[in-house]
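# Structural overview
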Amino acid sequence: MITDSLQALARALATKEVSSVELTRQYLDRIARRNPQLNAFISIDEATSLAQAGAADERLAKGEGGPLTGIPIAHKDIFCAQGWLTTCASKMLSNFVSPYDAAVIARFKAAGAVLLGKTNMDEFAMGSSNETSFYGAVKNPWDATRVPGGSSGGSAAAVAAGLAAAATGTDTGGSIRQPAALCNLTGMKPTYGVVSRYGMIAFASSLDQAGPLAHSAADCALLLNTMAGFDERDSTSVERPREDYGRELTADAGSRPLAGLKIGLPAEFFDDGCSPEVMHLVEAAIAEYRQLGAETVAVSLPSMQLSVAAYYVIAPAEASSNLARFDGVRYGYRAPEYQDLNEMYSKSRAQGFGAEVKRRILIGTYVLSHGYYDAYYLQAQRIRRLIAKDFAKAFQQCDVILGPTSPSTAFKLGEKAADPVQMYLSDIYTIAVNLAGLPALSIPCGFADGLPAGLQLIGDYFTESRLLNVAHRYQQVSDWHLQRPAGFS
């Protein structure tokens, strides 16, 4: 049953083929067996999860269930969940039990989903490999000597290994899509503002966005239907009518379901920065899309080459501001020994934050300081606007933009840990999307030397349903997303 889609699990629960308690117990048992090797979860509370499953069974018995009622979902440990340890994978919050639910958690609760556990991540979502966690690195289920991608690597590893039916993640510069690519999953970053950030511990407020991780586009549509929606508590939440993100998936369009669709192929995505093995798989996927009726057109994103540099000015600047609240006074880690208030601040932050978080706070503080704001931060914001304009121009020529998600398959644990620049370049194809605030997703497109690779699809603002349909049509004629790592069963 762990290989079933969310729709299939919902049918099994509705027809009493299995109860939510039985299904949750099955996942909890798998976590107990596999998590010591993978390190995908930070927190598990069996009693709470089983109690939620029991409540879901009661709802189902009354005929009050919805599409996700009774289904166990894992949540990235960046979302506050009432009564749960919520750490952001940092020593700074290693003792913080949240007194309230994030908007995303509350929506899944209202839908009757079971909170299965809180997943590991890069500390405060800062990383591309899930190696910066205070709780240790997460291992890739396809090869435990390799990274699962970051920062949502724990969520990706959990779903890929069958430890959860689906999971939530957050994407600041590619942190849903890159782990999805390296773990053979479908992962989506919605348009900025579509999913509330209330209760989601902030890294870079103008870039962070929550989204789903699952095996298929159809499953992601179900999850996004629950996650999305206006929230007056989040000033960046977009007020617009609710929609069914899976509405285009059921349409029967014959043998050429994507006839009339124009797919843009940016020259900047097809240079020598991508490994030949991954590029071969991407080109094969493009050929499949042409068979489905889509037309490909050449487009250009000339400012994309500046995206990594702009991101690593803007994101650290926002991080330095957001993380100033962690001072050892009100909650979180406090240094055990200090002489005065200033020493308490400095020691608590020095001891509570890891090396990557400190690096980004220092960079952010520097670029915001007097004499450097105009030279760095303001210039980076101007580049951000140029990147958004490039996308706008490209979407005048096409409906969807396609390219690789990551320049390579999963790399070895520790391979890039000593070289931050090489680590940052892992997100070269994803960062521009966050700077522009666009929706994008990654889907499996094949294997190179036994390791999965991802195909990225980018859409114009609020075109999530179209993106999901484009991904779904490819998954109807391919089986890459159905492949599972050894030891899955």
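Residues numbered from 1 in each chain as written. Predicted model: local features only at pLDDT ≥ 70, side-chain atom pairs only at ≥ 80, totals over all residues. Heavy atoms only, no water.

## Some words on the sheet that holds strand E8 (residues 295-299)
- Read from one edge of the open sheet, eleven strands run E1-E3-E2-E4-E6-E5-E10-E11-E9-E7-E8, paired in mixed fashion. The open sheet has two edge strands, strand E1 (41-43) and E8, and neither has a second partner. Mean inter-strand twist for the sheet, computed between neighbouring axes without regard to direction, equals 30 degrees.
- Where strand E2 (residues 72-76) lies against strand E4 (residues 166-170), two bridges are found, and the strand directions are parallel. Each residue of the ladder has a partner; that of Ile73, found in E4, is Ala166.
- Of the strands in this sheet, E1, E2 and strand E3 (114-119) touch helix H2 (residues 20-38), which is tilted by about 15 degrees from E3. (Pairing = 2+ DSSP bridges. Helix = DSSP H or I, 4+ residues; strand = E, 2+ residues; numbered from the N terminus. Axes fitted to C-alpha atoms, helices over the stretch in contact; angles between N-to-C directions. Contact = heavy atoms within 4.5 Å.)

## What about unusual backbone geometry?
- Looking along the chain, the bond that leaves Gly150 and enters Ser151 is cis, with omega of 5 degrees.
- The backbone of Asn184 sits at a positive phi, close to 65 degrees, despite the residue not being glycine.
- Following the sequence through the fold, Asn184 ends up in the loop between helix H6 (177-183) and strand E5 (186-189).

## Observations regarding the environment of Val18
- Mapped onto the elements, Val18 comes out in the loop between helix H1 (6-14) and H2.
- Through-space distance from the C-alpha of Val18 to that of Val308 is 47 Å; in sequence the pair is 290 residues apart.
- Discounting residues that sit within four places of it in the chain, Val18 has contacts with Met1, Ala12, Leu13 and Leu23.

## Concerning a nonpolar patch on the surface
- On the surface, a nonpolar cluster with roughly 280 Å² of combined accessible area is contributed by Tyr366, Tyr372 and Tyr376.
- Within the element layout of this structure, Tyr366 appears in helix H11 (residues 355-368).
- When its relative accessible area of 38% is taken as the criterion, Tyr366 is described as partly exposed. (Patch = residues over 30% accessible without salt bridge, like charges linked within 9 Å, V, L, I, M, F, W, Y side chains within 5 Å. Areas by Shrake-Rupley, 256 points an atom, 1.4 Å probe, with all protein chains shown as cover. Salt bridge = Lys/Arg side-chain N within 4 Å of Asp/Glu carboxyl O. Buried < 20%, exposed > 50% of the residue type's maximum accessible area, 1.4 Å probe, protein only.)

## Comments concerning helix H10 (residues 341-352)
- Look at H10: 16 Å from first C-alpha to last across twelve residues, which is about the 16 Å you get at 1.5 Å a residue.
- Every buried residue belonging to H10 is among Met344, Ser348 and Gly352, and all of these are buried. What you see down the axis of H10 is that its buried residues fit within an arc of 35 degrees, all on one side.
- Capping the start of H10, Asp340 holds a side-chain oxygen 3.4 Å from the backbone nitrogen of Asn342, two or three residues further along. (Expected span 1.5 Å × (residues − 1). Arc of directions from axis to C-beta. Polar contact = N/O pair within 3.5 Å; in protein donor to acceptor, adjacent residues only side chain to side chain.)

## With respect to the pattern of salt bridges
- Scanning the entire structure with this criterion turns up 14 salt bridges.
- A salt bridge links Arg25 to Glu46, with the shortest nitrogen-to-oxygen separation between them at 3.0 Å. One end of the pair, Arg25, is in helix H2; the other, Glu46, is in helix H3 (residues 46-61), and 21 residues separate them in sequence.
- By relative accessible area, Glu46 is classed as partly exposed at 33%.
- One salt bridge connects Arg247 with Glu243, and the closest N-O pair in it is separated by 2.8 Å.

## Structural notes on the nonpolar core
- Within the largest apolar cluster, 149 residues are counted, with the highest numbers of intra-cluster contacts made by Phe124, Tyr289, Phe391 and Leu457.
- With nine residues, the top contributor of residues to this core is helix H9 (residues 307-322).
- Not counting the four nearest positions on each side in its chain, Phe391 is found in contact with Leu301, Ile401, Ala432, Val433, Ala436, Leu438 and Ile458. (Core = buried A, V, L, I, M, F, W, Y, C linked by side-chain atoms within 4.5 Å.)

## Focus: the packing of helix H8 (residues 276-291) against helix H15 (residues 464-476)
- Contact geometry for H8 and H15: axes closest at 10 Å, N-to-C directions at 95 degrees. Regarding the angle of H8 to H15, the classification is roughly perpendicular. Contacts between H8 and H15 pair Ala285, Glu288 and Tyr289 from the former with Val470, Ala471 and Tyr474 from the latter.
- Residue composition of the contact of H8 with H15, grouped by class: five nonpolar, no polar and one charged. (Parallel < 35°, antiparallel > 145°, perpendicular 65-115°, else oblique. Nonpolar A, V, L, I, M, F, W, Y, C, P; charged D, E, K, R; others polar.)

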